[in-house]
Amino acid sequence: MNNVRFVLLCLLVRVIGCDFNWWRTANFYQIYPRSFKDSNGDGVGDLNGITEGLPYLKYLGINAIWISPIFASPMMDMGYDISDFYNIHFEYGTMQDFERLLTTAHDLKLKILLDFVPNHSSHENEWFKRSAAGNEAYKDFYIWYPGKEDPSNPLRKVPPSNWRSVFRGSAWTFHEGRGEYYLHQFGYHQPDLNYRNPQVVETMKEVLRFWLDKGVDGFRVDALQNLFEIQLQSNGQYPDEPLSNLTTDEDSFNYVDHIYTMDQPETIEMIYQWREVLDKYTKEDGNMRTMMAEADPEIDILMKYYGDGIRNGSHIPFNFKMLLYLKNDSNAIDFKERINLWLDNLPEDCVANWVMGNHDRGRIGTRFGINRIDLINMIINTLPGISITYYGEEIGMTDVFVTWEQTVDPSACSSDRDSYEEFSRDPCRTPFQWDSSTSAGFSTSPNTWLPVSSLYQQVNVKVQKSAPRSHLKVYRQLLRLRHTETLQKGSVEIRTHGQNVLSITRRLSGRDTYITIANIGGKRESIDIREIFSGRLIFHIIAVNSRRREGDSVRGPNIGLEPHEAFILRGVA
C-alpha cells in the first residue's frame, strides 16, 4: 500500500511541478548564525537577521541554506555543545522567530537545513545531568568507565585509555559526582552519547522528527566519523590506540592513530536509519528532505555513506578531498587528481558535491591568495553536481586577525598564548560584511562578538553590487550559468595543460559548450585551445583580476594566461 501511495504521489508531484531532484544541482549556502546579521544590536547574529538576509541569498541564486547550530547552548563551542535539542539558543531568538524564518524562506522558494549534532551534547544538558546522577533511564546514555588502577597509587584511578580529544588532551574526564570517567571526543563540556544504547538511537531520531515537523528541509549531520567507538573488550577494558608517530606532543589529537574511535562500521548503519526517517516525510508530502554528512574517511568508506545499493544513505556526503588536501602550492595536476578522486569513485546515480570553505578552515582568499578567489569559485561552480558556499566567499572575505584576548574558539583556548593562532578557527568566523557602515552593516553595535575585518569598507556587498566588476558579480554569474542545461545535464572533461593550467569542459549535444580555464600557478602560461574545442569561442565570465572583456571572441588557437587568471569560455552550438 505504501508503494502504491508513493507512486501516486510521484505522479501528483509531476503534475503540480514539485521536484524531488532539486538538490542534485543545487547551490547550498552555509550560514554561521552568530556572524551573518544582527537584528537587535547586541553584537551577535540572530534568526531575525538571517530572515532579513534571505532576499540577498535569493538575489545570488542560492537554492538551500544550511544554518550552523541554533539550539540552546552554553556556547562553549559556539553551539556545537547543545543543552536542549528542542529549543532555540536565547541569543538567536525564539521558536516564533525560527518559524517566521522558515515561512519567509519557503515563500522565497529557499530550503532550510539545520545542523544536527548527534555525537555529543553539552555537559549542561539534562540528559547528562541525569546520567551523572545515576538515573536509571539515563545511566547509560553516555559512555562511562571507572578508570584504570594507577600502579603508583592504588587509591587513584587513571583514564581508561590513551584516547585523545580533538581539542587536545585526554578524551576522558573524571566526574566527581558519579565517580567515573566519561568520554568526550571533543571538549570536556561535550560528553559523547552512547549509540550502543537503543534509547539514545530512538531519542535522536525523535530530535530529527521534531524539527521535520516544524517544516525544515533536511539536516547537515556533524562529526559522523566520531559517532561510534569500539565496544568494551572481553577483558573489561578499552584498548589503547597505537601511536601515530606524527608528533611527540602527547596532548595532540594526532598523537594516536584513531582506529578505535573513528570510522567504526556501525556509523554507516546509523546513517541509513536516519535517511529512513527523512524519506518517510518525503513520501508523505513530496518535499525532498535532504541529508548532508560531515566526514572524511578513506574514499571507499565515504562512498558507502551514499548507500549500499539496497538502502539509501546521505544525499550529500561532504567532499573534503579538495578542501582539506589542496594547498597554496598545489598545481593543476593536484586539482585534477582531487576532482577525479571523487568522480571516479562516485556510485551510479549519486551526485558529486564541491566545497572549498567552511567554519573550520581558513577562507579561500587567505589560503590560496586573493587573486585566486574567482578562480576557485569558477572551478567548484562549473563541476557537475552540487556547489556549497561558506558565507562571505562570494564577496572574497578573508581571515581576520583575532587577538588572544578576543579568542573564543575552544580549539585555541585549550592551547597557550604562544600557539593559539595555529588552532583558532575564529579568523574565518567573523561578521559578514554587508556595507561600509558601523560594524560592516552586520550590527548597529561597534562591539561585535568577534572583530570585523579592517577591510570591510572595500570588501562588502553594497560596494560590490555597484562596482563595474566584483567577486560578487562573478559569483552571481556563475550561479546563473549553473541553471543552463549544459551544466545541469552535460558531460564533464577535466584536463591539465602543463603543470599549472586546468580546464573543465562541459558539453551537451545541441547546446552551448562552457569551458573553465584556470591558471593555478604564479607564472604566465599559454595553451592551445584546439585541444579542447574547434569552433567559435567567446569570453563569457571573467575573473576580476583578468583584463579580458566579456563578449570578446577568442582570436587564434593559443590563449595566454596571466598568473592566477581564470575565465569561462562559451562555445557556440
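Visitor: Would you explain the overall build of the protein in this entry?
Guide: Each helix and strand in the protein was counted, giving 16 helices and 22 strands. Relative to the globule expectation of 25 Å for 573 residues, the C-alpha radius of gyration of the protein, 25 Å, shows essentially globular dimensions. In terms of principal-axis extent, the alpha carbons of the protein reach across some 85 × 65 × 50 Å. A burial count over the protein gives 58% of its 573 residues as buried. Restricting the contact set of the protein to residue pairs at least 6 apart, pairs at least 24 apart contribute 67%. Put simply, the protein shows about 23500 Å² of open surface, and 48% of that area lies on carbon and sulfur atoms. Placing the 61 positive and 75 negative side-chain charges of the protein at their respective mean positions leaves the two points 9 Å apart.

Visitor: It is not clear to me how the nonpolar core should be interpreted in this structure. Could you clarify?
Guide: General note: in soluble globular proteins, nonpolar side chains tend to be found buried as a group. By size, the foremost hydrophobic cluster in this structure holds 117 residues, and its most contacted members are Phe 98 and Ile 379. Looking at this core element by element, the count peaks at 8 residues for helix 7 (residues 266-285). Phe 20, Trp 23, Met 292 and Leu 323 belong to the second largest nonpolar core, which has 18 residues in total.

Visitor: How should I be thinking about the confidence of the model for the protein in this particular structure?
Guide: Of all residues in the protein, 97% attain a pLDDT of 70 or more, and the chain-wide mean is 95. Low pLDDT, under 50, characterises residues 1-17; the stretch is placed with 13 contacts to residues that sit more than four places away or in other chains.

Visitor: Please explain the packing of aromatic side chains as it appears in this structure.
Guide: In this description, a pair of aromatic rings is defined by centroid distance and the angle of the planes. Within this structure, the stated rule accounts for 39 aromatic pairs. An angle of 40° between the planes, with centres 5.6 Å apart, marks the rings of Trp 172 and Tyr 238 as tilted. One end of the pair, Trp 172, is in strand 9 (residues 172-175); the other, Tyr 238, is in the loop between strand 11 (218-221) and helix 7, with 66 residues separating them in the sequence. When sorted by exposure, Trp 172 lands in the same class as Tyr 238, which is buried. Taken together through their ring pairs, the aromatic side chains of Tyr 29, Phe 36, Tyr 56, Tyr 59, Tyr 390, Tyr 391, Phe 432 and Trp 434 make up a single cluster. In this structure, Arg 363 packs its charged tip against the face of Tyr 391, placed 4.7 Å from the ring centre.

Visitor: How should unusual backbone geometry be read in this particular structure?
Guide: Excluding glycine, residues mostly have negative phi values, and the peptide bonds linking residues are mostly trans. Phi is positive for Met 75, close to 65°, though the residue is something other than glycine. Tracing the backbone through its elements, the reader meets Met 75 in the loop between strand 3 (71-72) and strand 4 (84-88). Met 75 gets classed as buried once you look at its relative accessible area, which sits at 11%. Despite not being glycine, Asn 245 has its phi angle at roughly 65°, a positive value. Relative to the elements of secondary structure, Asn 245 occurs in the loop between strand 11 and helix 7. We classify Asn 245 as exposed; its relative accessible area is 70%.

Visitor: Looking at this structure, I do not really get the pattern of salt bridges. What am I missing?
Guide: Side chains that differ in sign of charge can pair as their charged atoms come close. Going through the model one piece at a time under the given rule, you end up with 39 salt bridges. The salt bridge involving Asp 115 is made with Arg 220; its shortest N-O contact spans 2.8 Å. Of this pair, Asp 115 sits in strand 5 (residues 111-116) while Arg 220 sits in strand 11, and the two are 105 residues apart along the sequence. As far as burial versus exposure is concerned, Asp 115 and Arg 220 are alike and both buried. The shortest N-O distance in the salt bridge between Glu 485 and Lys 489 comes to 3.4 Å. Residue Glu 485 and its partner Lys 489 are located together in helix 16 (residues 485-489), separated by 4 residues, close to a single helical turn. Overlapping salt bridges bring together Asp 77, Asp 360, Asp 409, Arg 425 and Arg 429 as one network.

Visitor: Would you take a moment to explain the side chain of Ser 252 for this structure?
Guide: Mapped onto the elements of the fold, Ser 252 is located in the loop between strand 11 and helix 7. Ignoring sequence-local partners within four residues, the contact set of Ser 252 consists of Arg 164, Arg 168 and Thr 247.

Visitor: Help me understand the sheet that holds strand 10 (residues 180-183) in this model?
Guide: Paired through backbone hydrogen bonds, the strands of a sheet run either parallel or antiparallel to each other. Strand order in the open sheet formed by 3 strands is 6-10-9, with antiparallel pairing between adjacent strands. The open sheet terminates on both sides in strands that have one partner only, identified here as strand 6 (144-145) and strand 9.

Visitor: In this structure, what is going on with empty space enclosed by the protein? I would like to understand it.
Guide: Left-over empty space is what a probe sized like a water molecule reveals as it rolls over the atoms. Here the structure, examined in full by the defined rule, presents 3 cavities of 30 Å³ or more. Its volume calculated, the largest cavity comes out at about 50 Å³. Every residue along the wall of the largest cavity is listed here: Thr 25, Asn 381, Thr 382, Leu 383, Pro 384, Gly 385, Arg 482, Leu 487, Gln 488 and Arg 506. The set of elements that each furnish at least two residues to the lining of the largest cavity consists of helix 11 (373-382) and helix 16. Tallied by class, residues from the lining of the largest cavity come to 3 nonpolar, 5 polar and 2 charged.

Visitor: Help me understand the packing of helix 3 (residues 47-60) against helix 15 (residues 471-481), please; the structure alone is not making it clear to me.
Guide: Helix-helix packing is described using two parameters, namely the angle between the two axes and the distance between the axes. Two numbers describe how helix 3 lies on helix 15: the axes approach to 8 Å, and their chain directions differ by 65°. Here helix 3 contributes Tyr 56, Tyr 59 and Leu 60 to the contact with helix 15, which in turn contributes Leu 472, Tyr 475, Arg 476 and Leu 479.

Visitor: Help me out: how do you make sense of the sheet that holds strand 2 (residues 64-67) in this one?
Guide: A sheet is described by the order of its strands in space; here 8 strands give the open sequence 13-12-11-5-2-1-15-14, paired in parallel fashion. Each of the sheet's edge strands pairs with one partner strand only, and the pair in question is strand 13 (316-317) and strand 14 (353-355).

Visitor: Mind showing me how you'd approach the pairing of strand 10 here?
Guide: Consecutive residues of a regular strand have side chains that alternate between opposite faces of the sheet. Side-chain alternation along strand 10 places Glu 180 and Tyr 182 on one buried face and Tyr 181 and Leu 183 on a second face that is also buried. Where strand 6 meets strand 10, 2 bridges bridge the pair, whose relative direction is antiparallel. The residue of strand 10 that forms the bridge with Trp 144 is Tyr 182. Where strand 9 and strand 10 come together, 4 bridges link them in antiparallel fashion. Note on strand 10: the bridge partner recorded for Thr 173 is Tyr 182. What sits between strand 9 and strand 10 in their antiparallel hairpin is a turn of 4 residues, with Gly 179 showing a positive phi close to 75°.

Basis of the calculations
Residue numbering note: each chain is counted from 1, following its sequence as written. Whole-chain, interface and lining totals are the exception, using all residues; otherwise, since this is a predicted model, local features are given only for residues with pLDDT of at least 70 and side-chain atom pairs are given and counted only at 80 or more. The side-chain values count all of the structure's non-hydrogen atoms but skip hydrogen atoms and water molecules. In DSSP terms, a helix is any run of H or I states spanning at least four residues, a strand is any run of E spanning at least two, and both are numbered starting from the N terminus. Restricting the calculation to C-alpha atoms gives the radius of gyration, and the globule rule supplies 2.2 Å times the number of residues raised to the power 0.38. The cut-offs for exposure are 20% and 50% of the maximum accessible area for each residue type, with area from a 1.4 Å probe on protein chains only; residues under the lower value are buried, those over the upper are exposed, and the others partly exposed. A contact between two residues is defined here by any heavy atoms of the two lying within 4.5 Å. For the accessible areas, the method is Shrake-Rupley and the probe is 1.4 Å, while residue cover comes only from the protein chains on display. Neither His nor the chain termini are counted; the positive set is Lys and Arg, and the negative set is Asp and Glu. We put the charge of a Lys on NZ, of an Arg on CZ, of an Asp on CG and of a Glu on CD. In this description, a nonpolar core means a group of buried Ala, Val, Leu, Ile, Met, Phe, Trp, Tyr and Cys residues linked to one another through side-chain atoms lying within 4.5 Å. Per residue, pLDDT measures the predictor's confidence, with a range of 0 to 100. Aromatic pairs are defined between Phe, Tyr and Trp rings, using the six-membered ring for Trp, whenever the two ring centres lie within 6.5 Å; interplanar angles under 30 degrees are classed as stacked, those over 60 as edge-to-face, and all others as tilted. Our definition puts a charge over a ring when NZ of Lys or CZ of Arg is within 6 Å of the ring centre and also within 35 degrees of the ring normal. By definition here, a salt bridge exists when the distance from a side-chain nitrogen of Lys or Arg to a carboxyl oxygen of Asp or Glu is within 4 Å. Two strands make a pair as long as DSSP finds a minimum of two bridges between them. Both cavities and pockets are sets of points on a 1 Å grid over the protein atoms alone; in a cavity a 1.4 Å probe fits but cannot get out, in a pocket the set is open with protein on both sides within 12 Å along at least five of seven lines, and lining residues sit with an atom within 4 Å of a point. Grid points are joined across faces, edges and corners, and a volume is the space filled by probe spheres set on the points. Residues are grouped as follows: Ala, Val, Leu, Ile, Met, Phe, Trp, Tyr, Cys and Pro are nonpolar; Asp, Glu, Lys and Arg are charged; every other residue, Gly included, is polar. Note on geometry: axes are C-alpha line fits, over the in-contact stretch for helices, and angles between N-to-C directions span 0 to 180 degrees.

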